[in-house]
Amino acid sequence: MGPFAVSHLLALISLAVALDNGLQRVPPMGWMAWERFRCDVDCQDDPENCISEGLFRDMADRLAEDGWRELGYEYIIIDDCWMSRLRDEQGRLQPEPSRFPGGITKLARYIHDRGLKLGIYADMGTHTCMGFPGTTLDKIEIDAQTFASWGVDYLKFDGCYSNPVEQMQGYPLMSKALNATGRPIVYSCSWPVYLGGLPPNVNYSLLGDICHLWRNYYDIQDSWDSVQGIIEWFSNNQDDLQPAAGPGRWNDPDMLIIGNFGLSVDQARSQMALWAIMAAPLIMSNDLRNLANSARAILQNKMAIAINQDPMGIQGRRLLQEKSQIEVYWRPLSNSASTLVFLSRRTDMPYLYHTSLAKLNYDAGSYEAYDVFTSSTVTGLNATTVFTVSINPSGVVMWYIIPQQKPRQSDTLFDQHKKASQFMFHKPKPGHRNLL
């Protein structure tokens, strides 16, 4: 390792205390424009769907008025294509005035007034991925200050049109610059995906000292094949990825595409279940103005959200891959609870899968299981009891599991745990910015 690498290694380590600012102790939740609306800048012919302040106001209204905010979906995140093609006379980024006539500050105020937070996009390179002005090394400090002055709460920092040497400098520098603004800003880094996502090229211990979350793998597309590919890559590499996650430092398998065009209802449940297992950010990219009730029910499933947002913050793992094309995933949760997901990779018909909790490494004793998507409960389940679940093709069965104890005052243990978890679904006060 040369002196350049050593100096930057030390710089990374020195940022550890700076980033431990209490932000994002659970995975972030919200809405992002990219997968659904891409780089649609044609506001003349497509005013309802183009990347403009109107689109983000519409989505903020939906999060605030349709029950999303109360469940934890709090970020409205602008992705690429919001910028003017030129920086202003002071060298600052500026929104395209024809599409953001009120500027980002006014949009931020609109979003904050609804008890929500604003995210924005920039790129560590000469240009953004879609060719808008990038953030070169000499612009990092001014861009961080600009975002803070606008009232931004979250930055997605992409990596197109840069090289590994620039990224090694730029990603830590942006972390330091954001902290120096004094404004709490969640920092989402795309650094790992540009280095192949895995050690030794990616040092996740150091990355966790710089960023609150990071993109590990390729962009999600609106298809079941894409979702499966992401699940497969994360599972195949879980020994490297799973230990990197924890409160304030999250692996990001990319957006939830539930409610778009590419997933069946069963496949949508599968994405929600596996993102909960992976302690992944729950960042939707869909049209909240036109969302099917079936998609809404999946995305607003309180138990799936509570599992995802579990305060221990331990990412789950794939336990088994069966020859029958059934896979079993497990995640430990607070209060001695856990969750199991049985995923079918089959394409033919529902499959009856037989197993027991003992076969899945559970200790001896009795358990209670709650089916997250059917709301049915199984009580008195002994660890050695063989049970059967019916899993639809490309679907899941998701169980929330707790050790059986004597119920108090006629409550089942599940009822008690559910009551204890209600703090997750508090209602923010209108106009209040809960930044920490």
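Up top is the structure these notes are about.
Calculation rules
- Residues numbered from 1 in each chain as written.
- Predicted model: local features only at pLDDT ≥ 70, side-chain atom pairs only at ≥ 80, totals over all residues.
- Heavy atoms only, no water.
- Disulfide = S-S within 2.5 Å.
- Helix = DSSP H or I, 4+ residues; strand = E, 2+ residues; numbered from the N terminus.
- Salt bridge = Lys/Arg side-chain N within 4 Å of Asp/Glu carboxyl O.
- Buried < 20%, exposed > 50% of the residue type's maximum accessible area, 1.4 Å probe, protein only.
- Expected span 1.5 Å × (residues − 1).
- Contact = heavy atoms within 4.5 Å.
- Axes fitted to C-alpha atoms, helices over the stretch in contact; angles between N-to-C directions.
- Parallel < 35°, antiparallel > 145°, perpendicular 65-115°, else oblique.
- Left-handed = near helix turned anticlockwise from the far one by under 90°.
- Nonpolar A, V, L, I, M, F, W, Y, C, P; charged D, E, K, R; others polar.

## Observations regarding the state of the cysteines
Using the criterion set out here, one finds four disulfides in the structure. Between the sulfur atoms of cysteine 129 and its disulfide mate cysteine 160 the distance is 2.0 Å. Classification of the bridge connecting cysteine 129 and cysteine 160 rests on its S-S torsion, roughly 95°, and on that basis the disulfide is right-handed. You can see cysteine 129 sitting in the loop between strand S3 (117-123) and helix H6 (140-150) and its partner cysteine 160 sitting in the loop between strand S4 (154-158) and helix H7 (164-180), a full 31 residues away along the chain. With cysteine numbering restricted to those in disulfides and following the sequence, the protein chain has the pairing 1-4, 2-3, 5-6, 7-8.

## Some remarks on the pattern of salt bridges
Applying the stated criterion across every chain yields a total of 22 salt bridges. The salt bridge partner of arginine 87 is aspartate 143, with a shortest N-O separation of 2.8 Å. With arginine 87 in the loop between strand S2 (75-77) and helix H5 (103-112) and aspartate 143 in helix H6, the pair connects residues that are 56 residues apart, well separated along the chain. For the pair arginine 87 and aspartate 143, a shared accessibility class is recorded, and that class is buried. Residues joined by salt bridges that share partners form a network here, namely Glu232, Arg318, Glu327 and Arg345.

## A few points about helix H4 (residues 53-65)
Here H4 contains 13 residues, and its C-alpha end-to-end distance of 18 Å stays within 8% of the 18 Å for a straight helix at 1.5 Å per residue. For H4, the complete set of buried residues consists of Glu53, Leu55, Phe56, Met59, Ala60, Asp61, Leu63 and Ala64. Residues of H4 that are buried sit in contact with strand S1 (29-32), helix H3 (34-37), S2, H5 and strand S8 (282-284). Backbone geometry just downstream of H4 places glycine 67 in the positive-phi region, at approximately 90°.

## A closer look at the packing of helix H10 (residues 224-236) against helix H12 (residues 265-277)
Two packed helices can be described by the angle between their axes and the distance between those axes. At their nearest, the axes of H10 and H12 sit 11 Å apart, and the two run at 25° to each other. Judged by the inter-axis angle, H10 sits roughly parallel to H12. Crossing hand, H10 versus H12: left-handed. Residues Trp224, Val227, Ile230 and Ile231 of H10 touch H12, and the partners they reach there are Gln267, Ser270, Gln271, Leu274 and Trp275. When its residues are assigned to classes, the contact of H10 with H12 shows six nonpolar, three polar and no charged.

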